[in-house]
Amino acid sequence: MLNRCFSALLLGGLAACQSASLPTTSAPAAVPSAISMPPATSAPTPEAARAAVAQYLQGQPSAALYVLDSASVLNADAHWQVLVPRTDWARRMPHKAAFEVDKATGQVVSRPVK
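Since we're looking at a predicted model, the values are computed, not measured. (Residues numbered from 1 in each chain as written. Predicted model: local features only at pLDDT ≥ 70, side-chain atom pairs only at ≥ 80, totals over all residues. Heavy atoms only, no water.)

With that out of the way, let us pick up the overall build of the chain. Each helix and strand counted, the chain has 2 helices and 4 strands in total. Overall, the chain shows an N-to-C arrangement of helices and strands of α-α-β-β-β-β. Taking all 114 residues of the chain together, 18% fall into the buried category. Long-range contacts, defined as pairs at least 24 residues apart, comprise 35% of the intrachain contacts of the chain with a sequence gap of at least 6. For the chain, the exposed surface amounts to about 8700 Å²; the carbon and sulfur share of it is 60%. (Helix = DSSP H or I, 4+ residues; strand = E, 2+ residues; numbered from the N terminus. Buried < 20%, exposed > 50% of the residue type's maximum accessible area, 1.4 Å probe, protein only. Contact = heavy atoms within 4.5 Å. Areas by Shrake-Rupley, 256 points an atom, 1.4 Å probe, with all protein chains shown as cover.)

Here's what the structure looks like:
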């Protein structure tokens, strides 16, 4: 019984310390995201897949390291595999970064290279 009374008194004291209302401030303006990507479209051709990877890389901090002019595109069933050489990997194997582009949605996913 004593524990219940003490708990109720403690909770009542804590509730009294809380302010009844929060100060109102104007809502902050919406900040646009650093990378605004338009909705993905399909990539039915190798050229569309290369363009999707180029658009994807524009938002990456290391975009200048990729040599998109030398990219190779391989057909892999429902996806395109796009291999893009990197300038900082010149004397290294593998020296290309791999990306997978979904043919139906145009979604680009970075893949590890072995």
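What follows concerns the nonpolar core. In this structure, Val53, Tyr66, Val82, Val84, Phe99, Val101 and Val108 are the most contacted members of the largest nonpolar core, which totals 15 residues. Of all elements in the fold, only α2 (46-58), β2 (79-85) and β3 (96-102) reach the threshold of two or more residues within this core. With 4 residues, the single largest contributor to this core is α2. If we skip the residues at most four places from it in the chain, Tyr66 touches Leu57, Val84, Pro85, Arg86, Ala97 and Phe99. (Core = buried A, V, L, I, M, F, W, Y, C linked by side-chain atoms within 4.5 Å.)

The sheet built from 4 strands is open, its strands ordered β1-β2-β3-β4 with antiparallel pairing. Whereas interior strands pair on both sides, the edge strands pair on one side only; in this sheet they are β1 (72-76) and β4 (108-111). This sheet shows a mean twist of 25 degrees between the axes of neighbouring strands, independent of strand direction. By the bridge criterion, 4 bridges tie β3 to β4 in an arrangement that is antiparallel. When the bridges of β4 are listed, Val101 appears paired with Val108. (Pairing = 2+ DSSP bridges. Axes fitted to C-alpha atoms, helices over the stretch in contact; angles between N-to-C directions.)

Let's shift gears to the packing of aromatic side chains. Applying the stated criterion across every chain yields a total of 2 aromatic pairs. Aromatic pair Tyr56 and Phe99: ring centres 5.8 Å apart, planes at 65 degrees, arrangement edge-to-face. A residue pair is termed long-range when its members are at least 10 positions apart, and Tyr56 in helix α2 and Phe99 in strand β3 qualify at 43 residues. Relative accessible area serves as the criterion here: at 2%, Phe99 is assigned to the buried category. Joined through ring pairs, the aromatic side chains of Tyr56, Tyr66 and Phe99 make up one cluster. Just above the ring of Tyr66 sits the side chain of Arg86; from NZ or CZ to the centre is 5.0 Å. Between Lys103 and the ring centre of Trp80, over which it is positioned, the NZ or CZ distance is 4.4 Å. (Phe/Tyr/Trp six-rings, centres within 6.5 Å; stacked < 30°, edge-to-face > 60°. Lys NZ or Arg CZ within 6 Å of the ring centre and 35° of its normal.)

Here Arg86 is to be found in the loop between β2 and β3. Engagement of the side chain of Arg86 in a polar contact is seen with the side chain of Asp88, the distance being 2.9 Å. If sequence neighbours within four positions are ignored, Arg86 has contacts with Ser62, Leu65, Tyr66, His95 and Ala97. (Polar contact = N/O pair within 3.5 Å; in protein donor to acceptor, adjacent residues only side chain to side chain.)

These values are about where atoms sit, not about what they do.
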